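Observations on the model geometry
The residues making up each chain are set out below.
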Amino acid sequence: QRHLVESGGGLVQPGGSLRLSCAASGSIFNIVAMGWYRRAPGKERELVATITSSSSTNYADSVKGRFTISRDIGKNTVYLQMNSLKAEDTAVYYCSATANAYTYWGQGTQVTVSS
């Protein structure tokens, strides 16, 4: 069973925008935070942005001012609006959801920034 389903990745030119979405299934209860992480080729997975159930947000310094995380609690969905994309943003982006001291992960969606 896929607890988190991501969509919205793809190929975009530098300076362009993409919006990622991640829907949590109804099998996950009491979600306290959702977020996005990414793994670039040859690098460790890193935090991109997180948002709590009280809408408190946290961003990696590398994306501040360019990316915006938001959440629709009613739809159990988290979004990542990515603007002014750079080649170094190229990575597989993973959605996460934390509930009852357990973190669920999505399967990942590829974002490629290239001209």
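Every chain's residues receive numbers from 1 upward, in the order its sequence appears when written. pLDDT decides what is reported in this predicted model: residues at 70 or higher carry local features, side-chain atom pairs at 80 or more are listed and counted, and totals for whole chains, interfaces and linings draw on all residues regardless. Remark: hydrogens and water are excluded; side-chain values derive from all non-hydrogen atoms of the structure.

1. Quick look at the environment of Arg39
For the purposes of this entry, the term helix denotes a DSSP run of H or I that reaches at least four residues, the term strand denotes a run of E that reaches at least two, and both are numbered from the N terminus. Inspection of the secondary structure puts Arg39 in strand β4 (residues 31-39). Summary of the burial criterion: residues with accessible area below 20% of their type's maximum are buried, those above 50% are exposed, and those between are partly exposed, where the area comes from a 1.4 Å probe applied to protein chains only. Judged by its relative accessible area of 39%, Arg39 is partly exposed. As for Arg39 and Gly108, which are separated by 69 residues in sequence, their C-alpha atoms are 9.4 Å apart. Setting aside anything within four residues of it in sequence, one finds Arg39 in contact with Glu44, Arg45, Ala91, Val92 and Tyr94. Between two residues, a contact is recorded if the distance between any of their heavy atoms is within 4.5 Å.

2. Structural notes on the pattern of salt bridges
A side-chain nitrogen of Lys or Arg and a carboxyl oxygen of Asp or Glu constitute a salt bridge if their distance falls within 4 Å. All chains considered together, the criterion is met by four salt bridges. One salt bridge connects Arg38 with Glu46, and the closest N-O pair in it is separated by 2.7 Å. Among the residues examined, Glu46 registers a relative accessible area of 34% and is labelled partly exposed. With a shortest N-O distance of 3.0 Å, Asp89 and Arg38 are connected by a salt bridge. Of this pair, Asp89 sits in the loop between β8 (77-82) and β9 (91-99) while Arg38 sits in strand β4; the two residues are 51 residues apart in sequence, bridging distant segments of the chain. Per residue, the accessibility class of Asp89 equals that of Arg38, and both read buried.

3. Points about the state of the cysteines
Two cysteine sulfurs form what is called a disulfide whenever their separation falls within 2.5 Å. Under the counting rule described, the total for this entry stands at one disulfide. The residue that forms a disulfide with Cys22 is Cys95, at a sulfur-sulfur distance of 2.0 Å. A torsion of -80° about the S-S bond marks the disulfide between Cys22 and Cys95 as left-handed. Of the two residues, Cys22 sits in strand β3 (residues 18-24) while Cys95 sits in strand β9, which places them 73 residues apart along the sequence.

4. Observations concerning the sheet that holds strand β1 (residues 4-7)
Backbone hydrogen bonds hold the strands of a sheet together, and the pairing may be parallel or antiparallel. For two strands to be treated as a pair, DSSP must find no fewer than two bridges joining them. On the basis of which strands lie adjacent, the open sheet formed by four strands has the order β1-β3-β8-β7 and antiparallel pairing. For this open sheet the edge positions go to β1 and β7 (67-72), each flanked by a neighbour on one side alone. Neighbour to neighbour, the strand axes of the sheet diverge by 15° on average, direction disregarded. In this structure, β3 lies alongside β8, joined through six bridges in antiparallel fashion. Directly across from Ala23, in β8, lies its bridge partner Thr77. Comment: axis = line fitted to C-alpha atoms, over the contacting stretch for helices; angle = value between 0 and 180 degrees taken between N-to-C directions.

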